[in-house]
Amino acid sequence: MKIKERIKSFLLAFLVFTTIYLVQQLWVEFPDELLSSLAFGQETDYVEESVISDFIQPEKYIIGFGGNNRGIMYYDEDHDLWNKGKEILKTVFQSKSLKIEEMTNEEIEESRKKRFIGYYFSNDIYTFVFSKIFDADASSPINESIKKVNSIYMYMDSLRDSFIVISDGNSFIKISGDKFRFEVIKSDIDIISKGVFTRAYTVTDLIDPDIKNDTYIPLEVKFNSPQIHVQEEIDVSNELVEKSIASLFFNRDLAYIRRIEESDGSIIYIDSQKTLKIHENGTLEFFKSVDANPEAGNLIMSLNNAIDFVDTHMGWPKDAYLYKVDEIEFENNKGFRFTFRYKLKGLPVISGEQAAKNSIELELVNNLVKSYRRHILEEFGSVTPKYKNMLSAYDVINENYGDLKAKYIKNNNINVDTILTEELDIQFKSVIENASLAIFDSSVEGSQYLKPVWIIDVAGYSYIFDAYDGYGENGGNPR
Amino acid sequence: MVRGGIIMAKKFLTMVLVLVAVGITSTIAYAGVGDTVPKQVVKVESQKVEKEVQINVNSENGIQTEGDVVLITIRGKKGVSVTFEVYLNTNVVIQEDVKTIESLVEAAKAEDYSLLLSEVVELEDSGIYPKELKLKKGLYKIVAIKQDGTNSFREVRYVLCKGIDDAARTLDNAKNAIISPVIETIKKLINNK
């Protein structure tokens, strides 16, 4: 009997302790974990650390197969071309025995016929950012020869004729004198050349042999990009999500933070140092006061701090990349504005508005975050049209030729009475600067899907066209 | 005598200076008048020399390799209707080291060309009609015809496709045959040539 009683007592004690433990888990720790994992899909005590090189990604790839055979790729799901290119560039930036020289126009022209891969970036990137991500010496001779980079080419005709070219669009710097390990990329280029690929032609070849325009555009595309169904990353109507976000920015009990609910549904949290606003459309804005410091901000340090800040404040969307770096000044303190964008289905997500939608924007002064703005759409499905083919960049230029030309005339205040029609035509064809593919957020009320578009840059303006029907989506935004 | 000579020289110098001054002034005045010529006149002149229809092929010397894709562009004025035809002649004897196609074009018989493609295209705002063409071995004749009432404007271009490279063919055959270290050696040789 005694033993039976003892077992009962032991069981009772066990149940009491288990209950206490579970209640403590449920009411003290469990809600926090639940909220954060619901909101951001990650553990509270684990933050994935990102590095600058994660955010440098090309907008498109041009591949020269030799002669006039060239392909264009707007995304790379199968070959990992950029990561392989980065490995080669790392050895180049770290090398001490390089021959660096500026190419002549004849050399540039000649090199177009060689076997090569070209990485094109959406904006200029400081060369020393590349030095940093490749752990190279800041005094690298490459830094001295070119300040910014918007495209990198690797030429691989033969071992004796292997070199790399770095360009800002105006000057082309040839780097040779080292043994570049192109074998891995070469085999990928061979595979691509034997498959179905989209061919690229220069504007000169495609539109007018009498003009000089080396912009590559496709005549026919061999793929269809999908329409993407999306939802806002932040659901402002969900109070649990809202509080979870607020607690990331204010490291103390939210009971001590003033909360304002605006008539349009936006929520504001404010204390003496910080302001957080979550807009009804899912845009988040955060402002923080920064102490004055005469020391000028350092770009690399600021960029690292910006990346770390996002790491710990809601994290990064998949395929985020550094889009733009602007220098700013705030109350005589110098700083930087970093704009990051992200890709869906391999293509950059863009908005027709100039406001920073579909991006992450941070302003840092004295290397400290002063403001943080974020608007991200999350994909939850996609549909690829089966019964119609996507138009090429050439198709949309051809369909909208008259309209684009009229806008060029208007934007540049050209008096058509004082210029020959043929001369105007040549001028216009010469200023077709870029054609890129993107996923477009039309911001139409109630629209829950994004569609593929062509962005055609003409004389400093970006025009957006539906990639399936060729209709213009904007009147042209200054680049 | 000497004094008289000096006076004569002075008179002569004055005359030269006057002539030079008049000459320069009249040249400047003439150039100024030239600038006021209406641009419309120049426009008409330049239109007169423009070709009715043009064919461009992005091939340096008109000689390509089998499997290559060439870009053909037809150029003309906006709204013009052009008949675009492509013919292929496979009855040509092509030397491996052929450098020009003129002799082959001259030797080819008209009946050896067979029609591959025929389209009537209307040139849009850009005045361009581009077309990609994947080549097989033979001599291509590309024709663009613009019919304008009773007048017909015709432009012809030739492209020779001389067949796949021996080296590339060897490599392809090797790849599809038995896997052996020899393939890698051939590959390296070709890559390093």
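Scroll up to find the structure.
These numbers come from a predicted model, not from an experiment.

### Looking at the overall build of chain B
- Summing up its helical and strand segments, chain B has five helices and eight strands in all.
- When burial is assessed residue by residue, chain B has 18% of its 193 residues classed as buried.
- Partitioning the contacts of chain B with sequence separation of at least 6, the portion at a separation of at least 24 is 73%.

### Comments concerning the overall build of chain A
- On a plain count of helices and strands, chain A comes out with twelve helices and 24 strands.
- Taking all 479 residues of chain A together, 33% fall into the buried category.
- Taking as baseline every contact in chain A between residues at least 6 positions apart, the subset at least 24 positions apart corresponds to 65%.

### Looking at the sheet that holds strand 3 (residues 69–76) of chain B
Residues and elements named next belong to chain B.
- Spatially, the three strands line up as an open sheet ordered 1-3-6, and their pairing is antiparallel. In this open sheet, the two edge strands, each paired with only one partner strand, are strand 1 (53–57) and strand 6 (128–134). When strand polarity is set aside, the average angle formed by the axes of neighbouring strands in this sheet is 20°.
- With seven bridges joining them, strand 3 and strand 6 adopt antiparallel strand pairing. Among the inter-strand pairings, R75 is bridged to a residue of strand 6, identified as I128.

### Considerations on the interface of chain A and chain B
- On the chain B side, the residues contacting the 20 residues of chain A number 18 residues.
- Among the secondary structure elements, those contributing two or more residues to the side of chain A that touches chain B are helix 7 (203–206), helix 10 (393–399) and helix 11 (401–411) of chain A.
- Tallied by class, the residues present in the side of chain A that touches chain B amount to nine nonpolar, six polar and five charged.

### Concerning the sheet that holds strand 8 (residues 151–161) of chain B
All names here are of chain B.
- Strand order in the open sheet formed by five strands is 2-8-7-4-5, and the pairing between neighbours is mixed. Two strands bound the open sheet, and with one partner strand each, they are strand 2 (63–64) and strand 5 (113–122).
- The sheet contact formed by strand 7 (residues 138–148) and strand 8 spans eleven bridges and is antiparallel. In the strand pairing of strand 8, K146 is matched with F153.

### Some words on helix 12 (residues 421–430) of chain A
Residues and elements named next belong to chain A.
- Within helix 12 the residues assigned to the buried category are D425, F428 and K429. Buried positions in helix 12, seen along its axis, are confined to an arc of 95° and lie on one side of it.
- Those residues of helix 12 that are buried are in contact with helix 7, helix 11 and strand 21 (432–441).

### Topic: the nonpolar core
- Counting 111 residues, the largest nonpolar core has M154, I164, I217, W454 and I456 of chain A as the members making the most contacts within it.
- V57, I101, V159 and L160 of chain B belong to the second largest nonpolar core, which has 15 residues in total.

### Considering the packing of helix 2 (residues 81–94) of chain A against helix 6 (residues 183–194) of chain A
Residue and element names in this part refer to chain A.
- With their axes 9 Å apart at the nearest point, helix 2 and helix 6 run at an angle of 150° to one another. One element, helix 2, and the other, helix 6, form an angle in the roughly antiparallel class. Crossing of helix 2 against helix 6: the hand is left-handed. Residues L81, K84 and G85 of helix 2 form the contact with helix 6, whose participating residues are V184, I185 and D188.

### With respect to helix 6 of chain A
All names here are of chain A.
- The end-to-end C-alpha separation of helix 6 is 17 Å, in line with the 16 Å expected for twelve residues at 1.5 Å each.
- The complete set of buried residues in helix 6 reads I185, I189 and I192. Here the buried residues of helix 6 occupy an arc of 65° about the axis, which is enough to place them on one side. Opposite the packed face of helix 6, turned more than 90 degrees from it, sit the exposed residues E183, I191 and K194.
- Each element contacted by the buried residues of helix 6 is listed here: strand 1 (60–66), strand 2 (69–73), helix 2, strand 4 (115–126) and strand 5 (148–156).

### Structural notes on the pairing of strand 21 of chain A
Residue and element names in this part refer to chain A.
- With eight of ten residues buried, strand 21 is to be regarded as a mostly interior element.
- Sheet topology note: the strand 17 (residues 347–351)/strand 21 ladder contains three bridges and is parallel. Pairing of S351 across the sheet is with D441, part of strand 21.
- Taken together, the eight bridges between strand 21 and strand 22 (residues 449–458) define a ladder with antiparallel strand orientation. Among the inter-strand pairings, A438 is bridged to a residue of strand 22, identified as V453.

### Some remarks on unusual backbone geometry
Residue and element names in this part refer to chain A.
- The backbone phi angle of K345 is positive, close to 55°, even though this residue is not glycine.
- Tracing the sequence through the fold places K345 in the loop between strand 16 (333–344) and strand 17.
- Positive phi outside glycine occurs at N366, with the angle close to 50°.
- Secondary-structure assignment places N366 in the loop between strand 18 (359–365) and strand 19 (368–375).
- Judged by local crowding, N366 falls into the buried class, with 20 C-beta atoms found within 10 Å.

### Concerning the pairing of strand 18 of chain A
All names here are of chain A.
- When you tally the buried positions in strand 18, you get seven out of seven residues, the bulk of the element.
- Burial along strand 18 is two-sided: the residues S359, E361, E363 and V365 and I360, L362 and L364 are all buried.
- Relative to strand 18, strand 16 runs antiparallel, the two being bridged by six bridges. Looking across to strand 18, one finds that T339 is bridged to E361.
- The pairing of strand 18 with strand 19 spans seven bridges and is antiparallel. The partner of S359 across the bridge, within strand 19, is H375.
- Connecting the antiparallel pair strand 18 and strand 19 is a turn made up of two residues, with N366 showing a positive phi of about 50°.

Conventions we followed
- Residues numbered from 1 in each chain as written.
- Chains lettered and ligands numbered in written order.
- Predicted model: local features only at pLDDT ≥ 70, side-chain atom pairs only at ≥ 80, totals over all residues.
- Helix = DSSP H or I, 4+ residues; strand = E, 2+ residues; numbered from the N terminus.
- Buried ≥ 20, exposed ≤ 12 C-beta atoms within 10 Å, placed from the backbone.
- Contact = placed C-beta atoms within 7 Å.
- Pairing = 2+ DSSP bridges.
- Axes fitted to C-alpha atoms, helices over the stretch in contact; angles between N-to-C directions.
- Nonpolar A, V, L, I, M, F, W, Y, C, P; charged D, E, K, R; others polar.
- Arc of directions from axis to C-beta.
- Core = buried A, V, L, I, M, F, W, Y, C linked by C-beta atoms within 7 Å.
- Parallel < 35°, antiparallel > 145°, perpendicular 65-115°, else oblique.
- Left-handed = near helix turned anticlockwise from the far one by under 90°.
- Expected span 1.5 Å × (residues − 1).

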